[in-house]
Amino acid sequence: MSDPLVRHTGEGRCNLASPTAMPGAGAFLFNRKMMMQVNCRGFVTAQHMQPEPAKYAYPPSIEATVFMQPEQPYFAHHPGRFFYVRDESDGSLFSVPHEPVRAPAERFCFSAGRGDIRWEVEQPGLACRAEVSLPVDEAVELWSFEIRNTGSTPRRLSVYPYFTIGFMSWMNQSARYEKRLGGIVARSVSGYQQLEQWDKVRQFKDWTYFLHDCDPDAWETALAAFEGEGGLHEPDGVRKELLANGEALYEMPAAVLQYRLELEPGENHRFRFLFGPARDEAEIESVRRRYFRQDGFAAARAAYDDYLDEGAGSLEIATADPDFDRFFNGWLARQVWYHGNTNRLATDPQTRNYLQDAMGMAYVQPNLARKAVFNTLAQQEENGALPEGVKLFEGVELKYINRVPHSDHNVWLPLCLQALLDETGDYSLLDESVAGTSVFQRSELAMEHLANNLDGRGLSLLEQGDWCDPLNMAGHEGKGVSGWLTIATVHAFRTWAAICRDAGHDDRADFWTGKAADVERAAHCLLYTSPSPRDHSRYL
């Protein structure tokens, strides 16, 4: 009987039994320094912080610098982590997990766990298992690959780990096998054009390493030489007896190793690999010593489990709906921890996102939610407006959507405060000083800014966006208004009024309750009772 397409296990894993039924399915791993999105077929998108987001495995062409896109399509040369297996007797070839060869498997299992991702792939007479996990505080992927002879006759095989490195830089890129370091090292220099940029660029981790725990029989570091005319689904390199031990000199690098194995029935072989960015040889040597010691992988995994436990939810439920229980107890708490602990791998998280993530952290680690409130208010403008993005480090510049003025950031402040106060009951938070002004006073100023952001009819002005929408042609002249933001402003005023009353500021509670009623009347009059269908839209 075949496995169900999707199956949840008692260990909190979610298993997918086909690489083709849901080809876009994937999972992700994260730590304090990096995040990787892993597709069930073997494609991977990974970024690390230095302190801005950067990559160490690239597509085959120069790509725009942008935040990670979960909806992006995959293609043959998309970065990935793959293992080719060739039978030396008959020349048959398959790959694990599924790409690039796409050979049908007798059994396939993509298994997403809390702290690791793995595949189990069975071909005639062979069982393969690949697994990846992360440490807590370092940008390095910990990979293992195991192959077992499940048949009744000996097998002669070649195994080829192929990890994409891609187009590293137009300025300089190369790769070669470094026996002393124990693997392939690709070097590059990030492209720059102004002399003043060098001091910054020279600090980047522009090298990519692929280290092994046992010496290969051969290797290749130039993608074109490995791929040849056969394409990645049947590379020229794997059709030869041995890889050419090539060096990439201003060519697109790749990390390919070859291991020749003879497996008796029931025999297996296990490999371990490290893949990640580095600044120099000393860092690579340090990584190798740390993780290739006897208990290196196990110690890293134990520490990583402890790290995830720090983000465990404060409440666990058991209902009649097991899918909802899994969502609430497993996925939701982990997602909140990822957002709140890593700030979505941004150095300037959008203020809206930052406060929303802090709301979640109020139930996981309230101290981090409290810190987020302080960070946000410390960058408040004199007129009460909260920043477009919260700068987490000295010298950070606002990027992407944070350069577009949005008008909704302030509404999230009282909602975040309410979640934090409800969970902790610590109203002394409102008396804390931020840059010489109390949290209470700064919150008052933030609400006043919302009150001043109304047009003559009492509706909220849009500016160039009211959530994620960069509607730069709707409100840039100071006329366009947002129905959604108007309703959100009512809710923000009421939430802040409730906080004021609980904190003993009855006069301010009455004031903001009145303001909420005024804006609500305008909304009902203009958004819901007009006979014109256009007035029922979100924007006027």
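Our subject is the structure that appears above.
Report on the accompanying structure. Because the structure is a prediction, the values reported are computed rather than measured. (Residues numbered from 1 in each chain as written. Predicted model: local features only at pLDDT ≥ 70, side-chain atom pairs only at ≥ 80, totals over all residues. Heavy atoms only, no water.)

1. Let's talk about the overall build of the protein chain
Inclusion rule: Here a strand is any run of E in DSSP of at least two residues, a helix any run of H or I of at least four, and the numbering for each starts at the N terminus. Contacts between residues were defined by any pair of non-hydrogen atoms, one from each residue, lying within 4.5 Å. Each accessible area is a Shrake-Rupley estimate made with a 1.4 Å probe; only the visible protein chains count as cover when residues are assessed. In this tally, Asp and Glu contribute negative charge and Lys and Arg positive charge; neither His nor the terminal groups of the chain are included. Working definition for charges: the position is that of NZ of Lys, CZ of Arg, CG of Asp or CD of Glu.
For the protein chain, the count of helices and strands is 11 helices and 24 strands. For the protein chain, the C-alpha atoms occupy an extent of roughly 85 × 65 × 50 Å along the three principal directions. Long-range pairs, those at least 24 residues apart, make up 65% of the contacts in the protein chain between residues at least 6 apart in sequence. A total of about 24300 Å² of accessible surface is found on the protein chain, and carbon and sulfur atoms cover 51% of it. Between the centroid of the 53 positive side chains of the protein chain and the centroid of its 76 negative side chains there is a distance of 2 Å.

2. Side note on the pairing of strand β13 (residues 155-164)
In the case of a regular strand, side chains alternate between the two sheet surfaces. Here is the rule: The rule is simple: take the accessible area with a 1.4 Å probe, protein chains only, and divide by the maximum for that residue type; under 20% is buried, over 50% is exposed, in between is partly exposed. Between any two strands, at least two bridges found by DSSP are needed for them to pair.
Among the 10 residues that make up β13, nine are buried, leaving the element largely enclosed by the rest of the structure. Examined bridge by bridge, strand β7 (residues 81-87) and β13 share seven bridges and lie antiparallel to one another. Counterpart to Tyr-84 in the pairing with β13 is Tyr-160. As defined by bridge partners, β13 adjoins strand β19 (residues 253-263) across eight bridges and the pair is classed as antiparallel. Following the sheet pairing, Arg-155 is matched in β19 by Leu-263.

3. A few points about the layout of surface pockets
Worth spelling out the cut-off: For each structure, a 1 Å grid was placed over the protein atoms alone; sets of points admitting a 1.4 Å probe that cannot get out are labelled cavities, open sets with protein on both sides within 12 Å along at least five of seven lines are labelled pockets, and lining residues have an atom within 4 Å of a point. Grid points are joined across faces, edges and corners, and a volume is the space filled by probe spheres set on the points. Polarity classes work like this: nonpolar for Ala, Val, Leu, Ile, Met, Phe, Trp, Tyr, Cys and Pro, charged for Asp, Glu, Lys and Arg, and polar for all others, with Gly in that last group.
A volume near 670 Å³ is recorded for the second largest pocket. Together, 30 residues line the second largest pocket, and Asn-341, Thr-342, Asn-343, Leu-392 and Phe-393 are the ones closest to its centre. The set of elements that each furnish at least two residues to the lining of the second largest pocket consists of β5 (44-49), α5 (322-342), α6 (351-361) and α7 (366-378). Per-element accounting of the lining of the second largest pocket gives the leading share, five residues, to α7. Residue classes in the lining of the second largest pocket are distributed as 13 nonpolar, 10 polar and seven charged.

4. Quick word on the sheet that holds strand β15 (residues 183-188)
If you walk across this open sheet you meet the 11 strands as β1-β2-β9-β10-β11-β12-β20-β16-β15-β14-β18, and the pairing is antiparallel. This sheet does not close on itself; its edge strands, each paired only once, are β1 (6-8) and β18 (248-249). Here strand β12 (residues 141-149) runs beside strand β20 (residues 268-278); their pairing, made up of eight bridges, is antiparallel. Opposite Trp-143, over in β20, you have Phe-273 as the bridge partner.

5. Some remarks on the environment of Phe-43
Counting through the fold element by element, Phe-43 comes out in the loop between β4 (34-39) and β5. Along the backbone, Phe-43 and Thr-376 are 333 residues apart, and their C-alpha atoms lie at a distance of 36 Å. In this view, Phe-43 contacts Gln-37, Val-38, Tyr-74, Phe-75, Ala-76, His-78, Pro-79, Gly-80, Phe-82 and Glu-99; residues no more than four positions away in its chain are not counted.

6. Things to note about the packing of aromatic side chains
To describe a pair of aromatic rings, one takes the distance between the centres and the angle between the planes. Operational definition: To pair, rings of Phe, Tyr and Trp, with the six-membered ring standing in for Trp, must have centres within 6.5 Å; the planes then decide the type, stacked if under 30 degrees apart, edge-to-face if over 60, and tilted in the middle. We call a charge positioned above a ring when the Lys NZ or Arg CZ atom is no farther than 6 Å from the ring centre and deviates by at most 35 degrees from the ring normal.
The final tally for this structure, using the stated rule, is 37 aromatic pairs. Plain terms: the ring middles of Trp-143 and Phe-163 are 5.4 Å apart, the flat faces sit at 80° to each other, and that makes the pair edge-to-face. With a gap of 20 residues between them, Trp-143 in strand β12 and Phe-163 in strand β13 connect regions that are remote in the sequence. Note on accessibility: Trp-143 and Phe-163 belong to one class, buried. Aromatic side chains Phe-271 and Phe-273 sit 6.1 Å apart centroid to centroid with 15° between the ring planes, which places their arrangement in the stacked category. Neither residue differs from the other here; Phe-271 and Phe-273 are each classed as buried. A connected cluster of aromatic rings, assembled from ring pairs, spans Tyr-56, Phe-83, Phe-110, Trp-119, Trp-143, Phe-145, Phe-163, Phe-210, Tyr-259, Phe-271, Phe-273 and Phe-275. Positioned over the ring face of Phe-297 is Arg-272, at 4.9 Å from the centre of the ring. Across the ring face of Phe-511, the terminal group of Arg-508 is positioned such that the distance to the ring centre comes to 4.5 Å.

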